[in-house]
Amino acid sequence: MLNGIILAGGSGSRLHPLTRAVSKQLVPIYNKPMVYYPLSTLMLAGIRRILVITTPHEQEGFRRLLGDGSEIGLQIEYAAQPSPDGLAQAFLIGRDFIGADRVALALGDNIFYGAHFSDYLRAAAAREIGATVFGYRVRDPERYGVVEIDAAGRPIGLEEKPAKPRSSYAVTGLYFYDNDVVEIAAGLKPSARGELEITDVNRTYLERGRLRVELLGRGVAWLDTGTFEALLQASTFVQSIEERQGLMLACLEEIAYRRGWIDAAMVERQGKRMAGNQYGQYLLRLASHG
């Protein structure tokens, strides 16, 4: 079984004062809370059991927003990350949740959209052994974890925010792992930054010959919403796509409906609650016309 974790902790200090009052992952990206986007990614991968990791004092906001997930055909649980001690800490916090299963980790501030992205997700979700990460060409790889690829497309090196990157491919905030990730994370030592680094987890899989890197092509957009400029760009991007196509990005109810996890009556009930805005009206049209 493949479970999912959304890491929505952290202080959001790069977005102060905006995030002094509200979790970064609850800040809107156009017409939806930011956390809808990584949640939709996990749903598109066919994942229905999800752990949302938040800061202790902000967890109630996520519970009000998402509840137990039953309204969208999910089982959502919650856990707290008392301090931001690294992305790999998610596997220690979520050890009991993961159990003997595989797990996908989605960072709460990453947005993906594009042609055939669902195909990438289905392929990664189907792999029962090893790890799968996604590489994306960026202009400024020194800001990210970077993966080096050989001529045959195989990963040969990983670096965390290197001063002189050996590649232009950043590792995005979406990771698929087999159950070995729990043992690997438990054996990590904190980095010089004092954090349990996800790059060290991926490097262990690389050393074991069990790391697969999927390079996302030009048809896929990856947005990391860590700055004020990136927030605005992401909102503008989503608004442009939705206005042009008349289709909604990261509509959780639509994904659940298309997958048969909820029926039209449940979609209609959700739509009526928000009938005064475009999101609710979209759901009502979906329930009526499919």
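Residues numbered from 1 in each chain as written. Predicted model: local features only at pLDDT ≥ 70, side-chain atom pairs only at ≥ 80, totals over all residues. Heavy atoms only, no water.

## Some remarks on the environment of Ile-156
Applied cut-off: Runs of H or I in DSSP of at least four residues are treated as helices and runs of E of at least two as strands, each being numbered from the N terminus. The contact rule is simple, with two residues in contact once any of their heavy atoms fall within 4.5 Å.
Within the fold, Ile-156 resides in strand 10 (residues 155-160). The spatial distance from the C-alpha of Ile-156 to the C-alpha of Gly-209 is 9.7 Å, given a sequence separation of 53 residues. Ignoring any residue separated from it by four or fewer positions in sequence, one finds Ile-156 in contact with Glu-148, Ile-149, Asp-150 and Leu-206.

## Considering the packing of aromatic side chains
Quick reminder of the rule: Only the six-membered ring of Trp is used, alongside the rings of Phe and Tyr, when aromatic pairs are assigned; centres must lie within 6.5 Å, and planes under 30 degrees apart are stacked while those over 60 apart are edge-to-face, with the rest tilted. Exposed residues in this analysis have more than 50% of their type's maximum accessible area, buried residues have under 20%, and partly exposed residues fall in between, with area computed by a 1.4 Å probe over protein chains only.
On inspection of all chains with the given rule, the structure shows 9 aromatic pairs. Relative to Tyr-177, the ring of Phe-91 lies with its centre 5.4 Å away and its plane at 85 degrees, an arrangement referred to as edge-to-face. With a gap of 86 residues between them, Phe-91 in helix 3 (residues 89-93) and Tyr-177 in strand 11 (residues 169-177) connect regions that are remote in the sequence. For the pair formed by Phe-91 and Tyr-177, the shared burial category is buried. Where Phe-112 meets Phe-117, the ring centres are 5.0 Å apart and the plane angle is 10 degrees; that geometry is what we call stacked. Under the relative-accessibility criterion, Phe-117 is labelled buried at 4%. The rings of Phe-91, Tyr-175, Tyr-177 and Tyr-205 are connected pair by pair, giving a single aromatic cluster.

## Side note on helix 5 (residues 117-126)
The criterion, for reference: Arc definition: it is the arc formed by the directions from the helix axis to the C-beta atoms.
Taken together, the buried positions of helix 5 are Phe-117, Leu-121, Ala-124 and Ala-125. Viewed along the axis of helix 5, the buried residues span an arc of 100 degrees, placing them on a single side of the element.

## With respect to the packing of helix 10 (residues 264-273) against helix 11 (residues 278-289)
To be explicit about the condition: Axis definition: a line fitted to C-alpha atoms, limited for helices to the stretch in contact. Angles are taken between N-to-C directions and run from 0 to 180 degrees. Should an angle lie under 35 degrees it is considered roughly parallel, over 145 roughly antiparallel, and from 65 to 115 roughly perpendicular; all remaining angles are considered oblique. Working rule for handedness: look at the near helix, and if it is turned counterclockwise from the far one by less than a right angle, call the crossing left-handed; if clockwise, right-handed. Gly is placed with the polar residues, together with every amino acid not listed as nonpolar (Ala, Val, Leu, Ile, Met, Phe, Trp, Tyr, Cys and Pro) or charged (Asp, Glu, Lys and Arg).
Put simply, helix 10 and helix 11 touch, their axes get as near as 8 Å, and they point 155 degrees apart. Our classification of the angle between helix 10 and helix 11 gives roughly antiparallel. Helix-helix and strand crossings are classified by hand; for helix 10 and helix 11 the assignment is left-handed. The residues of helix 11 that touch helix 10, namely those facing Ala-264, Val-267, Glu-268, Gln-270, Gly-271 and Lys-272, are Gly-280, Leu-283, Leu-284, Leu-286 and Ala-287. Tallied by class, residues from the contact of helix 10 with helix 11 come to 6 nonpolar, 3 polar and 2 charged.

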